[in-house]
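# Remarks on the overall topology
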Amino acid sequence: MSLTDKAMTRLRELIQAGELPPGSKLPPEQQLAAELGVGRNIMREAVRALVAARVLEVRRGSGTFVTSLEPRVLLEGIGGAVELLQGNTMLELTEVRRLFETAATGLAATRISPRQLAEVEGHLEAMRAAADDVELLNQHDLAFHRAVVAATGNETLSTVLEGISSRTLRARVWRGLVDADAAGRTLREHEAIYLALAAGDAIQAQAAALLHITTTETWLRAHLREDR
């Protein structure tokens, strides 16, 4: 392990132990370097790495602080990382979405509030209105699922799924451009999800979400096979 890695590990330990809680300001450079047992240059490298990881943030004119350490902060880089994935990863991401989002939809059915249900219904209505516009339809589709996952109240789950949605959205747009019946089928599948949420039926909601995502996954798998 390099000296920079050791300094990063020590900083994480200080944060985990509560000695540097969320929102706290790091000590002056000389003091922090002494506490970490490294020189200033190594300490700066460790701090820069943790800033890139969103554990720390630099506030101009004020110093370096520990971030809120909330999931939306620490995990917001997932989307950027997903965009850089190489090779045939679209299908893998769709599989990940199927595993996570079906469970999230079932959980949402047990927790969704009337206000949140009305928001989901609003996105469904917008999808119906955009049935002839593939890209707009899929934007509302994305918003529909974002609202459903948000209803779980699980910020970590919401952030992870948000991170992979942009890449899987491309597959859904592709399907909509190629498959003439995609819009009608998509609307029916979303209506089934909404009705299960409205009924508070977790099992039915999970089943409806599974059917919906599996439909896209099966279509994508077949078309990727054809392109080989």
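Residues numbered from 1 in each chain as written. Predicted model: local features only at pLDDT ≥ 70, side-chain atom pairs only at ≥ 80, totals over all residues. Heavy atoms only, no water.

## So, the overall build of the protein
- If you tally the helices and strands in the protein, you get 11 helices and 2 strands.
- Each helix and strand of the protein, placed in order from N terminus to C terminus, yields the pattern α-α-α-β-β-α-α-α-α-α-α-α-α.
- Counting the 228 residues in the protein, one finds 43% classified as buried.
- In the protein, 69% of the contacts between residues at least 6 apart in sequence involve partners at least 24 apart.
- Of the roughly 11,900 Å² of accessible surface on the protein, 54% is carried by carbon and sulfur atoms. (Helix = DSSP H or I, 4+ residues; strand = E, 2+ residues; numbered from the N terminus. Buried < 20%, exposed > 50% of the residue type's maximum accessible area, 1.4 Å probe, protein only. Contact = heavy atoms within 4.5 Å. Areas by Shrake-Rupley, 256 points an atom, 1.4 Å probe, with all protein chains shown as cover.)

## Brief notes about the pairing of strand β2 (residues 63-66)
- In this sheet, β2 lies alongside strand β1 (residues 56-59) in antiparallel orientation, the contact comprising 4 bridges. Residue pairing for β2: Leu56 is matched across the bridge by Val66. (Pairing = 2+ DSSP bridges.)

## Notes on the pattern of salt bridges
- Scanning the model with the defined rule gives 10 salt bridges in all.
- The shortest N-O distance in the salt bridge between Glu125 and Arg128 comes to 2.5 Å. Taken together, the residues Glu125 and Arg128, both in helix α7 (residues 114-129) and 3 residues apart, mark about one turn of the helix.
- On the basis of relative accessibility, which here comes to 33%, the residue Arg128 falls in the partly exposed class.
- Its salt-bridge partner being Glu191, residue Arg128 comes within 3.1 Å of it at the nearest N-O pair. Pair noted here: Arg128 is in helix α7 and Glu191 is in helix α10 (residues 182-199), with a separation of 63 residues, a long-range link.
- In the salt-bridge network here, residues are joined through shared partners; they are Glu70, Arg72 and Glu155. (Salt bridge = Lys/Arg side-chain N within 4 Å of Asp/Glu carboxyl O.)

## Structural notes on a nonpolar patch on the surface
- A surface patch of nonpolar side chains, about 250 Å² in accessible area, is lined by Val96, Leu99 and Phe100.
- Tracing the backbone shows Val96 in helix α6 (residues 90-111).
- In this structure Val96 comes out as partly exposed when scored by relative accessible area, which is 30%. (Patch = residues over 30% accessible without salt bridge, like charges linked within 9 Å, V, L, I, M, F, W, Y side chains within 5 Å.)

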